[in-house]
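# Breakdown of the fold
The chain contents come next:
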Amino acid sequence: MVWFIVVVLALVLFSLLYLRGADMSRFDGPALPAPTSPPSSGHADVLQRLRELLPAGQARQRGRAQLVHMRSLMDGLSAGRDFTCSFVPVSTADVRGEWVLAPAHDARRRLLYIHGGAWIAGSPLSHRAITDRLARLTGAAVFSLDYRLLPENRRIDGIHDCRNAWRWLLENGPDGPTPLDYAMVAGDSAGGSLTLGLIAWIRDEGLRQADAAIGFSPSTDVTMSGGSLRTNLATDPMLGPMFSWMAKVPALLLLWGTWFTNRLPPSHPDVSPLRGNLAGLPPTLLQVSEQEMLLDDSRRYAARAEEAGSPVVLQTWPHMVHVWQMFTPELEEAEEAFANIAEFLTSAGVPVAEGGDL
């Protein structure tokens, strides 16, 4: 019996000290005030669309069938949309993805986009609404990366794909090797995590750093210690229905499950950029909804980066769904977010398209 208690205590300490790591609650901000004004009229349409998409097939399908269904749903987000940009597929020994090119893009101005999808779904196709808008906004040649996903691949494989893409982007434009004037990186959700991890890696490798980085509702801490993961479960219409099961699982089991899935401890900076060295990073913009589960991920990252002396801007929106920027142009708040991105890039010394749109 004594040995059983010792083993249990050892496992608990291992989980807390190694898998979870340091307590980050000191970076929590004050409670946000309740919204004082309603969302735009387009918000109701977005919620209805999510209600139609998310429950579809989830109760009937499990395992591989559910994964295929989820990926199909995400890629379908681009169906029926009209895009201004052209999409040029790329498949080399180094990278896979597509160039997203506005009619008057500048090939010496380049942006790497890393899509979200919980590391198991998503693609350049699913996120064309965002990449098309960013291409028109910045006037840059946007490269939307098709990185390797779980569970067919290891988590580190997708991380290596992002690193290879950055090295490649520094040397190559849409028409081949081209000098570079400005470089940016952006991503949403899981792609936001990869974005923030990437800029830290670029710094450590001594490579040409991004002139600016952007994260839409990024995941920054897979130890899942942020309070909003549970307090915002009921108010997050996108992530809430998908991850409601987490509230029923003990925290220690979640840590071990994450370790098993990622094959890296949850506290490792490669998967939890919040827990890495946040000094010496480029100007970074984070946009997050006050009602979503990943709110604390952004708030903690911004507070810790600021403490480390890195320039970071945190912008929060009431009411919005996770990565609401995807619902452009029908959602007024999405267009507000992109207008803020233009202001942020200008303040960081990065030119944008004339009038903020190409």
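Everything here concerns the structure above.
Below, the structure is looked at part by part. Because the structure is predicted, anything quoted here is derived from the model rather than measured.

Calculation criteria
Residues numbered from 1 in each chain as written. Predicted model: local features only at pLDDT ≥ 70, side-chain atom pairs only at ≥ 80, totals over all residues. Heavy atoms only, no water. Helix = DSSP H or I, 4+ residues; strand = E, 2+ residues; numbered from the N terminus. Buried < 20%, exposed > 50% of the residue type's maximum accessible area, 1.4 Å probe, protein only. Contact = heavy atoms within 4.5 Å. Axes fitted to C-alpha atoms, helices over the stretch in contact; angles between N-to-C directions. Parallel < 35°, antiparallel > 145°, perpendicular 65-115°, else oblique. Left-handed = near helix turned anticlockwise from the far one by under 90°. Pairing = 2+ DSSP bridges. Right-handed = clockwise from strand over helix to strand, strands pointing away. Phe/Tyr/Trp six-rings, centres within 6.5 Å; stacked < 30°, edge-to-face > 60°. Salt bridge = Lys/Arg side-chain N within 4 Å of Asp/Glu carboxyl O.

With respect to the helices and strands, Thr 258 occurs in helix H9 (residues 251–262). Assessed through its relative accessible area of 12%, Thr 258 is described here as buried. Along the primary structure Thr 258 and Ser 78 are separated by 180 residues, whereas in three dimensions their C-alpha atoms are 30 Å apart. In this view, Thr 258 contacts Val 222, Met 224, Arg 263, Leu 264 and Pro 266; residues no more than four positions away in its chain are not counted.

This part takes up the packing of helix H4 (residues 128–138) against helix H11 (residues 332–347). Packing of H4 against H11 leaves a shortest axis separation of 11 Å and a crossing angle of 40 degrees. For the element pair H4 / H11, the angle class is oblique. In terms of crossing hand, the pair formed by H4 and H11 is right-handed. Touching Arg 133, Leu 134, Leu 137 and Thr 138 of H4 are Glu 335, Phe 338, Ile 341, Ala 342 and Leu 345, all from H11.

Moving on: the pairing of strand S3 (residues 106–114). Of all the nine residues making up S3, seven are buried; the element is thus mostly covered by neighbouring parts of the structure. Pairing between S3 and strand S4 (residues 140–145): six bridges, direction parallel. Looking at the pairing, Leu 112 lines up with Phe 143 of S4. On the question of chirality, the crossover connecting S3 to the parallel S4 by way of H4 is right-handed. Bridging between S3 and strand S7 (residues 182–188) involves six bridges; their strand directions are parallel.

A word on the packing of aromatic side chains. Enumeration over the complete set of coordinates arrives at six aromatic pairs. Centroid distance Phe 216 to Phe 338: 6.2 Å. Interplanar angle 70 degrees. Geometry classified as edge-to-face. Highlighted residues: Phe 216 in strand S8 (residues 212–216) and Phe 338 in helix H11, separated in sequence by 122 residues. On the basis of relative accessibility, which here comes to 0%, the residue Phe 338 falls in the buried class.

Applying the stated criterion across every chain, the model contains 20 salt bridges. Among the salt bridges present, the one from Arg 300 reaches Asp 28, with a minimum N-O distance of 2.6 Å. In this pair, Arg 300 sits in helix H10 (residues 295–307) while Asp 28 sits in the loop between helix H1 (2–20) and helix H2 (42–53), placing the two residues 272 residues apart along the sequence. On the accessibility criterion, Arg 300 (4% relative accessible area) is buried. In this structure, Glu 98 and Arg 128 form a salt bridge, with 2.8 Å as the shortest nitrogen-oxygen distance.

This next bit is on the side chain of Thr 131. Relative to the elements of secondary structure, Thr 131 occurs in helix H4. The buried category is assigned to Thr 131, whose relative accessible area is 0%. Not counting chain neighbours up to four residues away, the residues in contact with Thr 131 comprise Phe 87, Val 100, Tyr 113, Val 142 and Ser 144.

Taking strand neighbours across the sheet as the criterion, the eight strands line up as S1-S2-S4-S3-S7-S8-S9-S10 in an open arrangement whose pairing is mixed. Sheet topology places strand S1 (86–91) and strand S10 (312–317) at the edges, where each strand pairs with a single neighbour. Across the sheet, the mean angle separating the axes of adjacent strands is 20 degrees when strand polarity is ignored. Across the sheet, H10 is in contact with strand S9 (284–289) and S10; its angle to S10 comes to roughly 155 degrees. Helix-sheet contacts for H11 involve S7, S8, S9 and S10, and the interaxial angle to S8 is about 160 degrees.

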